[in-house]
Amino acid sequence: MLVTPLSGWGRYPVQSCEVERPERYADLYSDAASVIARGQGRSYGDAALNENRRVLLTERVNRLLELDADNGVLRAEAGVTLAEILEVIAPHGWFLPVTPGTKFVSLGGCVAADVHGKNHHHDGSFGDHVAAIELILADGSRVACSPAENAELFRATLGGMGLTGIIGEVTLRLIPIASSHMMVRHHAAADLEQLFQHLQNPALDDRYTVAWIDSMAGGAQLGRGIAMCGHHAAKEELPVGLSLSSFNSEELAGGRSRKKHARAIPFDFPAWMMNPFSIGAFNAFYYRREGKRQQPFLTGYDSYFYPLDAIGQWNRMYGKRGFVQYQCVIPDATAFDGIKALLQELSGSHRPSFLAVLKRLGAQGRGLLSFPMAGYTLALDLPIRDDGLFALLDRLDETVLRHGGRVYLAKDARLSAESFRAMYPRYGEWLKIKNAVDPQNRFSSSLSRRLRIGEELS
Ligand SMILES: Cc1cc2nc3c(=O)[nH]c(=O)nc-3n(C[C@H](O)[C@H](O)[C@H](O)COP(=O)(O)OP(=O)(O)OC[C@H]3O[C@@H](n4cnc5c(N)ncnc54)[C@H](O)[C@@H]3O)c2cc1C
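Rules used throughout
- Residues numbered from 1 in each chain as written.
- Predicted model: local features only at pLDDT ≥ 70, side-chain atom pairs only at ≥ 80, totals over all residues.
- Heavy atoms only, no water.
- Disulfide = S-S within 2.5 Å.
- Buried < 20%, exposed > 50% of the residue type's maximum accessible area, 1.4 Å probe, protein only.
- Near = heavy atom within 4 Å.
- Polar contact = N/O pair within 3.5 Å; in protein donor to acceptor, adjacent residues only side chain to side chain.
- Helix = DSSP H or I, 4+ residues; strand = E, 2+ residues; numbered from the N terminus.
- Nonpolar A, V, L, I, M, F, W, Y, C, P; charged D, E, K, R; others polar.
- Pairing = 2+ DSSP bridges.
- Axes fitted to C-alpha atoms, helices over the stretch in contact; angles between N-to-C directions.
- Contact = heavy atoms within 4.5 Å.
- Salt bridge = Lys/Arg side-chain N within 4 Å of Asp/Glu carboxyl O.
- Phe/Tyr/Trp six-rings, centres within 6.5 Å; stacked < 30°, edge-to-face > 60°.
- Lys NZ or Arg CZ within 6 Å of the ring centre and 35° of its normal.

## A closer look at the state of the cysteines
- All told, the structure shown has zero disulfides when counted by the stated rule.
- With no disulfide of its own, Cys145 lies closest to Cys110 among cysteine sulfurs, the gap being 18 Å.
- Residue Cys145 is classed as buried on the basis of its relative accessible area of 0%.

Here's what the structure looks like:
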């Protein structure tokens, strides 16, 4: 056991944790009084931290156990990353049914956060494609959970942020692909109203749809952006000679070849580099350049799904104090007004967000603490330059609550326990299951203590 400072991807907060790293599946357990599992630490805040307590690293428990290449079913240990899975399944004509915006996450982390992708409005979240898991409980026993077996515990574990037990094994249903390339189309929108129209327009929609927003644009241009729609290219859409075997040979659109090993940010950028001027200039350039790509074009799945993975440790761009990703969802009925109010609040605060992404989400899934609900989700990356940021985020929470929405726990580092309870109405149902399997609340984290997850509703 080692005591070391740890953080999530946002590098805020940094906390001293006792770290234990089992080398084999059989050792995937800890008898510490408080323990939380950690995959790749790609959640942004304190979900995979446990200050002055135990963190169980799952990274060595990462074997692929079985691939049914005829039916597209994969069974693997929870520490394996999506990158490692893709290396094996894509050449066989299979793909992940749901993927977040980085492939450097673990299978266990994807189940525990019930992650969503650009296809949530069509295909639901990660948990909708999980056939079964093996869960290691507080008393060390191992139980199989699925929609049919221990179904309540299964629902509490999808999106349960590691607080019901350690996910040991996952059986995942894959989707077939005819090629490793994506057919993509961009649709520029001059303001938020047009961007919503694009995202709601069935003629523009595709299996994967996401919108980039120019977060620096205000006034009449507030919410201007680009809807980026794509699908896995069918055989007949590919130029002759391009197939699965050429996977990872992108980047096709520009004829550039993509290096397998990403360039890394070598040091913490000084805070002044991320200022309204530099971000505004970049956004204006990006809007002009990407908005012009109105004709469908082919690109590799890496550049479509994981553009940021090409820059190693890009989180250092935000400087030493780190950053917060604020991601919320607002239900359909109030989405336009809610997202507009959030963007207005942001633009008035003169705090630049380097990245702003808007996605449409489909119906709420099975996970009792899962984030998605039918509506629109906005994600903003905000550098921590001073404590004033936290006052702004509290105001954003109020706006989200007023519009009936919620904040995503996998990105969170600062929500209050009261707001959490108001945003997650199925918490009471979840707590009954948690109390039944973990009465001593052994599976706990910095996030769970901050949000009083595991405590009775008061
Ligand atoms: C660039 C980037 C883009 C992203 N894009 C998206 C996106 O599009 N959609 C989305 O939904 N999320 C997105 N995320 C968030 C990310 O997918 C989730 O936070 C995911 O949980 C990270 O997986 P991890 O292995 O790093 O987990 P960690 O950060 O290590 O842990 C996250 C949570 O999972 C729990 N956990 C991890 N492994 C286990 C296990 N074996 N058993 C029990 N609990 C476990 C931890 O306790 C913790 O609560 C993004 C993150 C980054 C950095």
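## Comments concerning the site of the ligand
- Around the ligand, 35 residues are found, and the nearest of them are Ala37, Gly39, Arg42, Ser43 and Ser106.
- Between the ligand and the protein, one listed contact pairs an oxygen atom with a side-chain N or O atom of Ser43 at 2.6 Å.
- At 2.8 Å from a nitrogen atom of the ligand is found a main-chain nitrogen or oxygen belonging to His116.
- For the shell around the ligand, the secondary structure elements donating two or more residues are strand E3 (35-38), helix H2 (107-112) and strand E10 (166-173).
- Residues that form the shell around the ligand fall into these classes: 18 nonpolar, 13 polar and four charged.

## Here we look at the sheet that holds strand E1 (residues 2-6)
- The strand order across the open sheet formed by four strands is E1-E2-E4-E3, and the pairing between neighbours is mixed. Only two strands of the sheet have a single neighbouring strand rather than two, namely E1 and E3. The mean angle between the axes of side-by-side strands here comes to 40°, regardless of whether they run parallel or antiparallel.
- Where E1 meets strand E2 (residues 15-20), five bridges bridge the pair, whose relative direction is antiparallel. If you follow Leu6 over to E2, its bridge partner there is Gln15.

## Thoughts on the side chain of Ser7
- Examined against the element boundaries, Ser7 turns out to sit in the loop between E1 and E2.
- Residue Ser7 is classed as buried on the basis of its relative accessible area of 19%.
- Ignoring sequence-local partners within four residues, the contact set of Ser7 consists of Tyr12, Pro13, Val14, Arg38 and Leu49.

## Re the pattern of salt bridges
- For the structure on display, the rule yields 26 salt bridges.
- With a shortest N-O distance of 2.9 Å, Asp46 and Arg450 are connected by a salt bridge. A residue pair is termed long-range when its members are at least 10 positions apart, and Asp46 in the loop between E3 and strand E4 (54-57) and Arg450 in helix H12 (residues 446-450) qualify at 404 residues.
- With a relative accessible area of 24%, Arg450 lands in the partly exposed category.
- Salt-bridge contacts for Arg293 lead to Glu290; the nearest nitrogen and oxygen are separated by 3.4 Å.
- Taken together, the shared-partner salt bridges in this structure form one network comprising Arg21, Glu23, Glu59 and Arg60.

## Observations regarding the pairing of strand E9 (residues 142-145)
- What you see with E9 is a clean split: Val143 and Cys145 sit on the buried side and Arg142 and Ala144 on the side with no burial.
- Bridging between strand E8 (residues 130-136) and E9 involves four bridges; their strand directions are antiparallel. In the sheet register, Glu134 faces E9, and the bridge partner there is Ala144.
- Between E8 and E9, which pair antiparallel in sequence order, lie five residues; one of them, Gly140, sits at a positive phi of approximately 90°.

## What about the packing of aromatic side chains?
- Scanning all chains against the criterion turns up 22 aromatic pairs.
- On the basis of an interplanar angle of 90° and a centroid distance of 5.7 Å, the ring pair of Tyr44 and Phe323 is categorised as edge-to-face. Here Tyr44 is found in the loop between E3 and E4, whereas its partner Phe323 is found in strand E18 (residues 323-331), with 279 residues between them in sequence. The two residues Tyr44 and Phe323 agree in class, both being buried.
- Ring geometry for Phe305 versus Tyr306: centroids 6.0 Å apart, planes at 45°, classification tilted.
- The exposure class of Phe305 is buried, given its relative accessible area of 1%.
- You can call Tyr306 buried: its relative accessible area is 1%.
- Through a chain of ring-to-ring contacts, three or more aromatic side chains come together here, namely Trp9, Tyr44, Trp212, Phe282, Tyr286, Trp314, Tyr318, Phe323 and Phe354.
- Positioned over the ring face of Tyr304 is Lys118, at 5.4 Å from the centre of the ring.
- One residue, Arg293, lies across the ring of Phe297, its end atom 3.9 Å from the ring centre.

It is worth stressing that arrangement in space is one thing and function is another; only the former is reported here.
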